[in-house]
Number of protein chains: 4
Amino acid sequence: MSEAIFRSDMTVELVKASASDADVIWAARVSTAGEQSLEEVGEDPARSAGLINYLARERHGSPFEHTSMTFFVSAPIFVFREFMRHRIASYNEESGRYRELQPVFYVPSKERKLIQVGKTGAYTFEDGTQEQFDITVKAMKESYLFTYERYQKMLEAGVAREVARAVLPVALYSSMYVTMNARALMNFLSLRTSRDGSHFPSYPQREIEMVAEKMEEHFATLMPLTHGAFQKSGRIAP
Amino acid sequence: MSEAIFRSDMTVELVKASASDADVIWAARVSTAGEQSLEEVGEDPARSAGLINYLARERHGSPFEHTSMTFFVSAPIFVFREFMRHRIASYNEESGRYRELQPVFYVPSKERKLIQVGKTGAYTFEDGTQEQFDITVKAMKESYLFTYERYQKMLEAGVAREVARAVLPVALYSSMYVTMNARALMNFLSLRTSRDGSHFPSYPQREIEMVAEKMEEHFATLMPLTHGAFQKSGRIAP
Amino acid sequence: MSEAIFRSDMTVELVKASASDADVIWAARVSTAGEQSLEEVGEDPARSAGLINYLARERHGSPFEHTSMTFFVSAPIFVFREFMRHRIASYNEESGRYRELQPVFYVPSKERKLIQVGKTGAYTFEDGTQEQFDITVKAMKESYLFTYERYQKMLEAGVAREVARAVLPVALYSSMYVTMNARALMNFLSLRTSRDGSHFPSYPQREIEMVAEKMEEHFATLMPLTHGAFQKSGRIAP
Amino acid sequence: MSEAIFRSDMTVELVKASASDADVIWAARVSTAGEQSLEEVGEDPARSAGLINYLARERHGSPFEHTSMTFFVSAPIFVFREFMRHRIASYNEESGRYRELQPVFYVPSKERKLIQVGKTGAYTFEDGTQEQFDITVKAMKESYLFTYERYQKMLEAGVAREVARAVLPVALYSSMYVTMNARALMNFLSLRTSRDGSHFPSYPQREIEMVAEKMEEHFATLMPLTHGAFQKSGRIAP
């Protein structure tokens, strides 16, 4: 049996992208410029920023769709469960039917706020005590090792992977490719990050927010004007 | 702690439906009859069956979309993981963030074929031995009880539900509402059931197929002509 | 040749609906109540309104999707061109390939503001003069009769309908069925109506707004709490 | 007034693409190879072709989605009307609200079969006579010039573009950007081209087929293995 690995981090790799602010500009300008819209791109940067801000503010979303970003994400199953509720995206994930799953599991870091205060719909999270942290990490590690051992035992007995994996926890790390356009990504970010300056408050689980934050960094690098416009318009997807 | 429950079945309840063969007919006939299409419905049952067969056979899919079926499904998380990859559908599921999850877990029944033979992309499944079955059930029950106890321990220590649930297995039962139109449902059935007479072979995991079979029964009752056309055209969604 | 008809109105008929505020409630409550969520519906109307307002305000959109409304719409082609850009919907329309199209054409009523003032992205519309109105109606009627006569001439010469229809104007009335869920409908309304109290301003063409207003009336009747919540939250779709 | 232009051709320009056969391979292999899937690409070309054929044949569609192709298309409005019924795509089109539309119109070439034989659902098209062709071209050109003159007259009188354009025919050329992934494109091609070797027959209008054929050439160049697999599997989108 491979040695179990306990992780607290999420990783997001930008695999490929066809996504720039210029893509938004020519897509938007076709409405007024027709066949000349490609030529006009980049002629006037300040006007470009103005146009993108206008589109974001007034919710003209379609010009943001002619873009594509593919990420390779490693995160626990419970994160992917939330992620895949976003339907305007393309997914391919590691499969517990076709592959023996590796013993890599999530445990919270010391920074993870462990205690939930308030009622449904208005939770806040606070730091746990050292004791609460220790109880959590111990309970998790024990569980992971116990169940992974039984997973192995079933596999050794010849039981199919898709049956044996039933015992594995939602904290198991999985990996997937996800491809999104900038509009869908902004919608994802608006719901899966919690930020000051958001017009609508969001209360994402911290672990998916960690993934979203890394995706946002890539997005901001690829499309700085669009990202700026997203911020300025209260982090609402156009 | 509630007593753990071990289940082998899936349940599917039809919550509501606005779906009949007549819906397909008026939607299709608008292309030739315009505003008269509603009146013509039901004038000639044989012609109706012929039209629906024609639409299914020639892949005119849109008339099948003016229908809506809502199901309440109870199944393990690993089934919902596959289910939610179907994006032309609406979902709301029980939440481990907002609710203390109940100790209800999946164990295979004696009918579940436990052994996988062949290579990726061409598996067949065969019965396991009594010993393999016993090993499986034992490994599962031990795992479920062990991890659920630790889940409880973390909750008792005041740890947030969304953190503590990390240890719970993908075999845990969850429940959700799913709403689909008939076209999306036929696509789901074509991929998630394995049937003789299918033009394209599918190799669904048995547990999601159990859910799909129950959904198909409701569909066949609500829309018998459409279901018949689906069968006749090789179980390919139009 | 049938006598040409000149119309200024849009018609929207509610063909069928499976859509009520209660649908939103049970869909939302499954996250906390699991399998009991259906039973709780209707137990406390005030709490129901509160829940729906909360969902709309905080952009929990998925519970609004378990609903379905089918409309039969008659409107000019230029309205349908805009309408069908809304992709979360199902459409079936009268076909110029399969049917001889009837001579029914749009002309503006006296209420239609004819003059556009300001620049791209910030237009306002103002009343035209009587002369402008007369020029418009005359130019339109002449064009419609002239081209429909040529359409007929081609058909009489044995030319295929799909070829001959090329001459027909985008003002020609067509008819279609469209099915949407409440979430998609709210998105449509937010973009295709212009109302005080909207968080984001929209500048729809008046003719599609006339269609949207009629759809909104049906929606408000079917789902009064949801419609109220849509209004309260600035007419942004959750 | 600009001189009117009569065209019989459709143009499709590939604006940008992030689409290769390798994209399909790593996306598919993640299910069995997890984080190593990117490294394995290109190691064995024959195995790659085999995998892509397998995916197409067995309808594993999701790996084809991590691709993006943007086309700039010029075609008549009646073509775009059909095109935009494809909902898994992103569109931005020239706008008759924001722009004075140019007098460019479709007339059939001599190759266009003008006569429709047979009944609904089983049409075939045949060549027209010279007289039918002459009648058609004359009726079209007369209509286009007549209505465009009235469009100009309304604009000169100060009437808003969005009102005046009502008289313009569906044969008017428009232009748009459309972005699709390879899976959506294969679905488009399966329905909008008519080819021997198709498992399901399609009867597209010739003018949209002309657009589809040009898109298919670009697709075949960008993703030759995928295009070959599409052909081999009866031109059914996976």
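Residues numbered from 1 in each chain as written. Chains lettered and ligands numbered in written order. Predicted model: local features only at pLDDT ≥ 70, side-chain atom pairs only at ≥ 80, totals over all residues. Heavy atoms only, no water.

Engineer: Can you explain the overall build of chain A? Please cite residues and give values.
Structural biologist: Each helix and strand in chain A was counted, giving 9 helices and 8 strands. Counting only C-alpha atoms and orienting by the principal axes, one finds that chain A spans roughly 65 × 45 × 25 Å. Each of the 238 residues in chain A was classed as buried or not, and the buried ones make up 62%. By sequence separation, contacts in chain A at least 24 residues apart represent 76% of the contacts at least 6 residues apart. As displayed, chain A has an accessible area near 8700 Å², and 50% of this comes from carbon and sulfur atoms. Averaging the positions of the 28 positive and the 31 negative side-chain charges in chain A gives two centres separated by 5 Å. (Helix = DSSP H or I, 4+ residues; strand = E, 2+ residues; numbered from the N terminus. Buried < 20%, exposed > 50% of the residue type's maximum accessible area, 1.4 Å probe, protein only. Contact = heavy atoms within 4.5 Å. Areas by Shrake-Rupley, 256 points an atom, 1.4 Å probe, with all protein chains shown as cover. Lys, Arg positive; Asp, Glu negative; His and termini not counted. Charge placed at Lys NZ, Arg CZ, Asp CG, Glu CD.)

Engineer: For the interface of chain B and chain A, give the residues involved together with the corresponding values.
Structural biologist: Often the size quoted for an interface is simply the accessible area lost on bringing the parts together. Taken together, the contact between chain B and chain A spans 53 residues of the former and 53 residues of the latter. Taken together, both faces of the contact between chain B and chain A bury some 4800 Å²; the carbon and sulfur share is 56%. Our count for the contact surface shared by chain B and chain A stands at 8 salt bridges. In this structure, the salt-bridge partner of Arg112(A) is Glu162(B), at a minimum N-O distance of 2.8 Å. (Buried area = accessible area lost by both parts, 1.4 Å probe. Salt bridge = Lys/Arg side-chain N within 4 Å of Asp/Glu carboxyl O.)

Engineer: For the layout of surface pockets, give the residues involved together with the corresponding values.
Structural biologist: Residues and elements named next belong to chain C. The space that makes up the second largest pocket amounts to roughly 450 Å³. Lining the second largest pocket are 23 residues; nearest its centre among them are Lys113, Phe125, Pro204, Arg206 and Glu209. If one sorts the elements of the lining of the second largest pocket by residue count, helix α8 (residues 206-222) sits on top with 3 residues. Its residues placed into classes, the lining of the second largest pocket shows 9 nonpolar, 7 polar and 7 charged. (1 Å grid on protein atoms, 1.4 Å probe; cavity = no way out; pocket = protein on both sides within 12 Å on 5 of 7 lines; lining within 4 Å. Points joined across faces, edges and corners; volume = space filled by probe spheres on them. Nonpolar A, V, L, I, M, F, W, Y, C, P; charged D, E, K, R; others polar.)

Engineer: So, the interface of chain C and chain D: which residues are in play, and what are the values?
Structural biologist: In this assembly, 53 residues from chain C lie in contact with 53 residues from chain D. Summed over both sides, the interface between chain C and chain D buries roughly 4800 Å², with carbon and sulfur atoms accounting for 56% of that surface. Looking at the side of chain C facing chain D, the largest losses of area belong to Arg81(C), Arg85(C) and Arg87(C), adding up to 13% of the total buried there. The interface formed by chain C and chain D includes 8 salt bridges. Across the chain C-chain D interface, the total number found is 24 residue pairs in polar contact (both at pLDDT 80 or more). Broken down by element, the side of chain C that touches chain D gets its largest block of residues, 12 residues, from helix α5 (residues 130-156) of chain C. (Polar contact = N/O pair within 3.5 Å; in protein donor to acceptor, adjacent residues only side chain to side chain.)

Engineer: I'd like to hear about the relation of the copies chain C and chain D, residue by residue, with values.
Structural biologist: Structural alignment of chain C on chain D gives an RMSD of 0.0 Å, achieved by rotating through 180° and translating 0.0 Å along the axis. Within this description, the copies of the chain are treated as partners about a two-fold rotation axis. Identified as the residue of chain C closest to the rotation axis by C-alpha distance is Pro169(C), at 1.9 Å. Mapped onto chain D, 100% of the interface residues of chain C are again interface residues, and the two copies thus contact each other with one and the same surface. (Least-squares fit on C-alpha atoms with pLDDT ≥ 70 in both.)

Engineer: Kindly report on the pattern of salt bridges, identifying the contributing residues and their values.
Structural biologist: Residue and element names in this part refer to chain D. Inspection of every chain in the model, using the stated rule, returns 72 salt bridges over all chains. In this structure, the salt-bridge partner of Glu65 is Arg183, at a minimum N-O distance of 2.5 Å. Of this pair, Glu65 sits in the loop between α3 (45-57) and β3 (68-76) while Arg183 sits in helix α7 (residues 182-192), and the two are 118 residues apart along the sequence. Using a relative accessible area of 5% as the deciding quantity, one classes Glu65 as buried. Residue Arg183 is classed as partly exposed on the basis of its relative accessible area of 23%.

Engineer: I'd like a description of the pairing of strand β3 (residues 68-76) of chain C, backed by residues and values.
Structural biologist: Residues and elements named next belong to chain C. Here β3 lies mainly inside the structure; 9 of its 9 residues are buried. Both strand β2 (residues 11-18) and β3 contribute to a ladder of 7 bridges, which runs antiparallel. The residue bridging Ser18 from the neighbouring strand is Ser68, located in β3. (Pairing = 2+ DSSP bridges.)

Engineer: Can you tell me about the packing of aromatic side chains, naming the residues and giving the values?
Structural biologist: Inspection of every chain in the model, using the stated rule, returns 42 aromatic pairs over all chains. Taking 6.1 Å as the distance between ring centres and 80° as the angle between the ring planes, the aromatic pair formed by Phe105(A) and Tyr148(A) counts as edge-to-face. Pair noted here: Phe105(A) is in strand β5 (residues 104-106) and Tyr148(A) is in helix α5 (residues 130-156), with a separation of 43 residues, a long-range link. Among the residues examined, Tyr148(A) registers a relative accessible area of 1% and is labelled buried. Ring centres of Phe105(C) and Tyr144(C) lie 4.7 Å apart, and the angle between their planes is 15°; on these two criteria the pair is classed as stacked. In this pair, Phe105(C) is assigned in strand β5 (residues 104-106) and Tyr144(C) in helix α5, connecting sequence segments 39 residues apart. (Phe/Tyr/Trp six-rings, centres within 6.5 Å; stacked < 30°, edge-to-face > 60°.)

Engineer: Please give an account of empty space enclosed by the protein that cites residues and values.
Structural biologist: Per the stated rule, a full pass over the model turns up 6 cavities of 30 Å³ or more. Within the lining of the largest cavity, the residues separate by chemical class into 6 nonpolar, 3 polar and 4 charged. Considering only enclosed or pocket space, the second largest cavity measures out at about 60 Å³ in volume. Contributing to the lining of the second largest cavity are Glu58(B), Arg59(B), Ser190(D), Leu191(D), Ser198(D), Phe200(D), Pro201(D), Ser202(D), Gly234(D), Arg235(D) and Ile236(D). When the residues that make up the lining of the second largest cavity are grouped by side-chain class, the tally is 4 nonpolar, 4 polar and 3 charged.

Engineer: Any details on helix α8 (residues 206-222) of chain D? Residues and values, ideally.
Structural biologist: The first and last C-alpha atoms of α8(D) sit 24 Å apart over 17 residues, in line with the 24 Å expected at 1.5 Å per residue. Listed in full, the buried residues belonging to α8(D) are Glu207(D), Ile208(D), Glu209(D), Met210(D), Val211(D), Ala212(D), Met215(D), Glu216(D) and Phe219(D). (Expected span 1.5 Å × (residues − 1).)

Engineer: Outline the relation of the copies chain B and chain A, listing residues and values.
Structural biologist: Laying chain B over chain A is done by rotating through 180° and shifting 0.0 Å along the axis; what remains is an RMSD of 0.0 Å. The residues that chain B uses at the interface reappear at the interface of chain A in 100% of cases, marking a shared surface.

Engineer: Residue-level account of the sheet that holds strand β2 (residues 11-18) of chain D, with values.
Structural biologist: Residues and elements named next belong to chain D. The strand order β2-β3-β8-β4 describes an open sheet built from 4 strands, whose pairing is antiparallel. With partners counted over all chains shown, the strands left at the sheet margins are β2 and β4 (90-93), one partner each. Each adjacent strand pair in this sheet contributes to an overall mean axis angle of 20°, direction not counted. Where β3 and strand β8 (residues 173-180) come together, 8 bridges link them in antiparallel fashion. Bridging from a neighbouring strand, Phe71 pairs with Val178 of β8. On top of the sheet, α7 reaches β3 and β8; it is set at about 130° to β8, its chief contact. In the packing of α8 onto the sheet, the strands contacted are β2, β3 and β8, and the crossing angle to β2 comes to about 30°. (Axes fitted to C-alpha atoms, helices over the stretch in contact; angles between N-to-C directions.)

Engineer: An account of unusual backbone geometry is needed here, citing residue identities and associated values.
Structural biologist: Despite not being glycine, Arg235(A) has its phi angle at roughly 55°, a positive value. For Arg235(A), a relative accessible area of 3% corresponds to the buried category. Of note, the phi angle at Arg59(B) is positive, near 65°, even though the residue is not glycine. Overall, the relative accessible area of 14% leaves Arg59(B) in the buried class.

Engineer: How would you sum up the pairing of strand β8 (residues 173-180) of chain A? Please name residues and give values.
Structural biologist: Residues and elements named next belong to chain A. Counting buried positions along β8 gives 8 out of 8 residues, so the element sits mostly inside the fold. Here β8 shows no split at all, with Tyr173, Ser175, Tyr177 and Thr179 on one side and Ser174, Met176, Val178 and Met180 on the other all buried. Pairing between strand β4 (residues 90-93) and β8: 4 bridges, direction antiparallel. Bridging across to β8, Tyr91 finds its partner in Val178.

Engineer: So what's going on with the sheet that holds strand β8 (residues 173-180) of chain B? Residues and values would help.
Structural biologist: Residues and elements named next belong to chain B. Taken in spatial order, the 4 strands line up as β2-β3-β8-β4 in an open sheet, and their pairing is antiparallel. Of all strands in the sheet, those with a lone pairing partner are β2 (11-18) and β4 (90-93), marking the two edges. On average, each strand axis in the sheet is inclined to that of its neighbour by 20°, with strand direction left out of account. Strands in contact with helix α7 (residues 182-192) are β3 (68-76) and β8; relative to β8, the strand with the most contacts, it is inclined by about 130°. Along the sheet face, helix α8 (residues 206-222) touches β2, β3 and β8 and points at about 30° away from the line of β2.

Engineer: With reference to specific residues and values, describe the nonpolar core.
Structural biologist: In terms of nonpolar packing, the biggest core is built from 140 residues, with Phe83(A) and Phe83(B) touching the most fellow members. Formed by 139 residues, the second largest nonpolar core is a distinct cluster that contains Phe80(D), Val107(D), Val137(D) and Val159(D). (Core = buried A, V, L, I, M, F, W, Y, C linked by side-chain atoms within 4.5 Å.)

Engineer: Got a sec to walk through the side chain of Thr226(D)? Specific residues and values, please.
Structural biologist: As for its placement among the helices and strands, Thr226(D) is situated in helix α9 (residues 224-232). Excluding residues that lie within four positions of it along the chain, Thr226(D) makes contacts with Asp21(D), Val24(D), Ile52(D), Phe64(D), Met186(D) and Phe219(D).

Engineer: A description of the confidence of the model for chain A should follow, citing residues and the corresponding values.
Structural biologist: With 97% of its residues at a pLDDT of at least 70, chain A reaches an overall mean of 94. Across the interfaces of the predicted complex, the ipTM metric reaches 0.95, alongside a pTM of 0.96. (pLDDT = per-residue confidence, 0-100.)

Engineer: Describe the packing of helix α1 (residues 21-33) of chain D against α3(D), with residues and values.
Structural biologist: Residue and element names in this part refer to chain D. Contact geometry of α1 with α3 gives a least axis separation of 10 Å together with a crossing angle of 75°. Taken together, the axes of α1 and α3 lie roughly perpendicular to each other. Across the interface between the two elements, Asp21, Val24, Ile25, Ala28 and Arg29 from α1 touch Arg47, Ser48, Leu51, Ile52 and Leu55 from α3. Within the contact of α1 with α3, the residues separate by chemical class into 6 nonpolar, 1 polar and 3 charged. (Parallel < 35°, antiparallel > 145°, perpendicular 65-115°, else oblique.)

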